[in-house]
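A look at the structure
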Amino acid sequence: RARDMNMLGQRVTQALRRTGRCASGAAASVVDETAHAAPLVVAATRGDAHDRVNQMLRSVGSTAGPLALDTEFTSFPSYSPVLELIQVADTTGAAACIDCAPLSQTAVASLLHPAVDQCELVVHDGRTDLRLLRELGLVPTRVFDTQLAAGFTRCGGRIGLGDLAQSLLGVKMDKSAATSDWRVRPLSATQLEYAANDVRYMLEMRERLLDELDRVGRAEWFADEMQELLRETADEGLADSDLWTTVRRARKLRESPSAIAVLRALAEWREATARTVNIAPALILSDDAIVQLAAAPPTTLQQLGTVRAARGSTVRLHGRALLHTIHEALDAASCAEETGEPLPELPVDWLTNDPSDPMSVRAATQAAALRHRLFAMVFERSAELNMSHELLATPADLTELLEASAADEEAEGVRVLRGWRREVIGSRLVELKHSLTMP
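**Quick look at the overall build of the protein chain**
Within the protein chain, the secondary structure is distributed over 20 helices and six strands. Across the 439 residues in the protein chain, those meeting the buried criterion constitute 45%. In the form shown here, the protein chain has an accessible surface area of approximately 22,300 Å², with 51% of it arising from carbon and sulfur atoms.

Structure (structure tokens):
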């Protein structure tokens, strides 16, 4: 759905650009790319490199100045991303790489704390960076995301760091090491130079972007967006109790309360187990396995072993725990049926997208047409304002708006109806939604 909407947005934006209604951005000024000193590399809690980087970060923290920061991490097959490298740069152009593999989390946090606690962190698409810092116990209070800043002054989707550096500074960044395996040690000089370059230009880009934001009068919108980013990264993620709604192909179970009960229990069990053993949830139990187990719950290890989608290692290691989880879920569903306890609310698209139900097909078609009209408005407004359509409203934002009640709309319970978005796009979307859904 998001891919289809992005394709629609590209067509709308291209058409508006052809008619002169969407600016393509200011011409880039060219910056000579001079030779940089090799980045300092911290791989121990003592030594010259550690001391110099420690002094650099304390100096930045003492002046509360900006600090560019980026991370390299691996996200599979572990449950949580594994931090491999942290890159930082200050206003003097000095860059450093902190190798997290040989250092304890406490050592990394101790090194970064004086700066993160006081300075403005400059990141690019920094949601994961901020979350990783929080896992180290580091809670930044100020942030400047260059990707989001650029979105306030440019049409289109999210812009990569290399493209933004080319646009703003005329610098062509070498991205040849982007797909490196950051788990392998020692890190090569090419990898370290690539990592350092990711932060070397950020602070100058920040200055150019601040000028752009001031020129178009959107600095206050951007400041609000940064506060929202800090709030979101503090508590993002679905609660375990809601994870069942994201299991693929689970909609087929919607007519069976007992199957839904097993589905919910298995989704929560998978998440808790994956978190405990630090393995990606899909490697514990696939979505297909969860759906199969919920549709036809086994009662013995032998029956469990015949479920094709269930991994043999999972059955061997966790078979009894799975059977216990299924048994408890079925008992709870039976008790709920006897007492008349209300069933959990099913996701809207589970109720409006059944190919065997003509009424459902009609509702799904109408919902898709409404969503298409809302997206068209977002992309047209994006072109008028010369700003990213993803900043105005994402696919998830429009789904939230479509499902919102009038009370939610009035109480700003919908993201697109909060802050600057309400005036810029939210009120228009609500008006269009109501005009198209009136009986």
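Next comes the rest of the description.
**Concerning the side chain of Asn-197**
Here Asn-197 shows up in helix α7 (residues 189-200). When residues no more than four places from it in sequence are discounted, the contact partners of Asn-197 are His-36 and Met-173.

**Observations concerning the packing of aromatic side chains**
This model, assessed by the stated rule, comprises six aromatic pairs. Taken together, the ring pairs in this structure connect Phe-144, Phe-152, Trp-221, Phe-222 and Trp-420 into an aromatic cluster. The cationic tip of Arg-206 hangs over the ring face of Phe-144; the distance from NZ or CZ to the ring centre is 5.8 Å.

**Concerning the environment of Cys-155**
With respect to the element layout, Cys-155 can be found in the loop between α5 (146-151) and α6 (161-169). The class for Cys-155 is buried, based on a relative accessible area of 10%. The sequence separation of Cys-155 and His-389 amounts to 234 residues, and the corresponding C-alpha distance is 6.9 Å.

**Concerning the pairing of strand β5 (residues 120-123)**
Along β5, one buried face is formed by Glu-120 and Val-122 and the opposite face, lined by Leu-121 and Val-123, is buried too. Examined bridge by bridge, strand β2 (residues 66-74) and β5 share three bridges and lie parallel to one another. Of the residues in β5, the one forming a bridge with Pro-66 is Glu-120. Where β5 lies against strand β6 (residues 143-145), three bridges are found, and the strand directions are parallel. In the strand pairing of β6, Leu-121 is matched with Val-143. Taking the sense of rotation as the criterion, the β-α-β connection linking β5, helix α4 (residues 127-135) and β6 turns out right-handed.

**What about the sheet that holds β6?**
Taken together, six strands build an open sheet; the order of strands is β1-β4-β3-β2-β5-β6 and the sheet is mixed. Unpaired on one side and paired on the other, β1 (40-42) and β6 mark the two borders of the sheet. Across the sheet, the axes of successive neighbouring strands diverge by a mean angle of 25 degrees, strand direction being ignored. Note: β1 against strand β4 (residues 95-99), three bridges, orientation parallel. Looking at the pairing, Leu-40 lines up with Ala-96 of β4.

**A word on the pattern of salt bridges**
All chains considered together, the criterion is met by 23 salt bridges. Here Arg-154 and Glu-212 are joined by a salt bridge, their closest N and O atoms 2.8 Å apart. Of this pair, Arg-154 sits in the loop between α5 and α6 while Glu-212 sits in helix α8 (residues 202-216), placing them 58 residues apart in sequence. Like Glu-212, Arg-154 is buried. Across the salt bridge formed by Arg-270 and Asp-287, the nearest N and O atoms sit 2.9 Å from each other. With a gap of 17 residues between them, Arg-270 in helix α10 (residues 257-277) and Asp-287 in helix α12 (residues 287-295) connect regions that are remote in the sequence. Asp-287 matches Arg-270 in its accessibility class, with the two residues each being buried. The network of salt bridges with shared partners includes Arg-127, Glu-225, Glu-228, Glu-232, Asp-397, Arg-415 and Arg-421.

Thresholds, definitions, all that
Residues numbered from 1 in each chain as written. Predicted model: local features only at pLDDT ≥ 70, side-chain atom pairs only at ≥ 80, totals over all residues. Heavy atoms only, no water. Helix = DSSP H or I, 4+ residues; strand = E, 2+ residues; numbered from the N terminus. Buried < 20%, exposed > 50% of the residue type's maximum accessible area, 1.4 Å probe, protein only. Areas by Shrake-Rupley, 256 points an atom, 1.4 Å probe, with all protein chains shown as cover. Contact = heavy atoms within 4.5 Å. Phe/Tyr/Trp six-rings, centres within 6.5 Å; stacked < 30°, edge-to-face > 60°. Lys NZ or Arg CZ within 6 Å of the ring centre and 35° of its normal. Pairing = 2+ DSSP bridges. Right-handed = clockwise from strand over helix to strand, strands pointing away. Axes fitted to C-alpha atoms, helices over the stretch in contact; angles between N-to-C directions. Salt bridge = Lys/Arg side-chain N within 4 Å of Asp/Glu carboxyl O.

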